Amino acid sequence: MSDYLVVGTDKKDYFRAYAAVTTGIAEEARRRHGTSPTASAALGRALTAGVLMSANLKGDDLLTIRIIGDGPIGVLVVTSDSAGNVRGYAQNPKADLPSRDGKLDVGRLVGENGELYVTKNMGLKDPYTGSVPIVSGEIGEDIAYYYAKSEQTPSAVALGVLVDTDTTVRAAGGYLVQAFPGAGADELAALEERALSLPSISSLINEGAAPEDILKMLLGEQDFVELDRRPVGFLCRCSREKIEQVLIGMGEKEIREIIQSRKRAEIRCHFCNETYYFEKHEMEKLLEEAKS
Ligand SMILES: [Zn+2]
């Protein structure tokens, strides 16, 4: 099954709900970045958050999540767009920790102290950034706290990645349910009860649950109304041409220094770990372009 996102609501329109299966995205990130098992879970959860949180974006809108905790993984960065493309990286992808209570210890790998930033680039407006302190480093909880504090929206969030014994990603996905102002205490309590009664999101997906199945479990089989469904995937928009423009933008002096100091330049894209090589004669061509 390919990764996809489903957007839904309930018949009374108390909630807007998003669920996605992101096994392919999380596995692609693991393969590209060579993440440790716990880092695969952390990055996979952050990428899933990016998919869910960008579901309402339009056109060229972009969403960036930065999680800067005090744990060994360092900074986690994810960007996503309105077309369901997401990319991301961890500063220290090889960092790992022993599991705790039989679970990958994402909380301590990310760190229980720090800050979560969400930046929205919407059209021509200035980018908007909201931030909250990290609650647990488990990411799902931190995103829920972000919505409660920064956007005053009560939300239920679950993000999960199941890493197989061979260290590949076996299942990944998540959901985000947001309450509209019309939802009262009773509706919120009912949602919370349903959410708490569910098995972990990664085990649900591992057992074959699709996004729409998860939303039915959360909103009630009879009440669920599907609004939208779309494919999502790991995609980085970097290219050799874009890297060339960055190099040219560095200016003559910097380019000369690179040409003098090494045989060929190696430029790596943080987001997808793709390496671009520029031989001396290619750098000399870019130097000419920088001059003009
Ligand atoms: Zn890239």
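Residues numbered from 1 in each chain as written. Predicted model: local features only at pLDDT ≥ 70, side-chain atom pairs only at ≥ 80, totals over all residues.

S.K.: Hey, could you go over the packing of helix α8 (residues 240-250) against helix α10 (residues 280-291) for me, with residue numbers and the actual values?
M.R.: For the pair α8 and α10, interaxial distance at closest approach is 9 Å and the crossing angle is 60°. Of the possible angle classes, the one that applies to α8 and α10 is oblique. By crossing handedness, the relation of α8 to α10 is classed as right-handed. Contact with α8, carried on its side by Glu 244, Leu 247 and Ile 248, involves Leu 286, Glu 289 and Ala 290 of α10 and no other residues of that element. (Axes fitted to C-alpha atoms, helices over the stretch in contact; angles between N-to-C directions. Helix = DSSP H or I, 4+ residues; strand = E, 2+ residues; numbered from the N terminus. Parallel < 35°, antiparallel > 145°, perpendicular 65-115°, else oblique. Left-handed = near helix turned anticlockwise from the far one by under 90°. Contact = placed C-beta atoms within 7 Å.)

S.K.: Which residues make up the packing of helix α1 (residues 23-33) against helix α2 (residues 37-53), and what are the values?
M.R.: Contact pair α1 / α2: the axes reach a minimum separation of 9 Å and the direction vectors enclose 130°. Our classification of the angle between α1 and α2 gives oblique. By crossing handedness, the relation of α1 to α2 is classed as right-handed. Two secondary-structure elements touch here, α1 through Ile 25, Ala 26, Ala 29, Arg 30 and His 33 and α2 through Ser 40, Leu 43, Gly 44 and Leu 47. A per-class count over the contact of α1 with α2 returns five nonpolar, three polar and one charged. (Nonpolar A, V, L, I, M, F, W, Y, C, P; charged D, E, K, R; others polar.)

S.K.: With reference to specific residues and values, describe the sheet that holds strand β5 (residues 85-90).
M.R.: The sheet built from six strands is open, its strands ordered β7-β6-β3-β4-β5-β11 with mixed pairing. The open sheet has two free edges, formed respectively by β7 (128-133) and β11 (233-234), since each of these has just one partner strand. For strand β3 (residues 62-69) and strand β4 (residues 75-81), the ladder comprises seven bridges, and the chain directions are antiparallel. Bridge pairing in β4 places Ile 67 opposite Leu 76. (Pairing = 2+ DSSP bridges.)

S.K.: How would you explain the domain arrangement of the protein chain if you had to name every residue and give the values?
M.R.: Many authors give the size of an interface as the accessible area that is lost as the parts come together. When its domains are assigned, the protein chain resolves into domain 1 (4-234) and domain 2 (240-291). Of note, the centres of domain 1 and domain 2, computed from C-alpha atoms alone, are 36 Å apart. In this complex, domain 1 contributes five residues to the contact, which on the side of domain 2 involves four residues. Listed by contribution, the elements that provide at least two residues to the side of domain 1 that touches domain 2 are α1 and β5. With three residues, β5 is the single largest residue contributor to the side of domain 1 that touches domain 2. Of the residues in the side of domain 1 that touches domain 2, the class split is one nonpolar, two polar and two charged. (Domains from an automatic or database assignment.)

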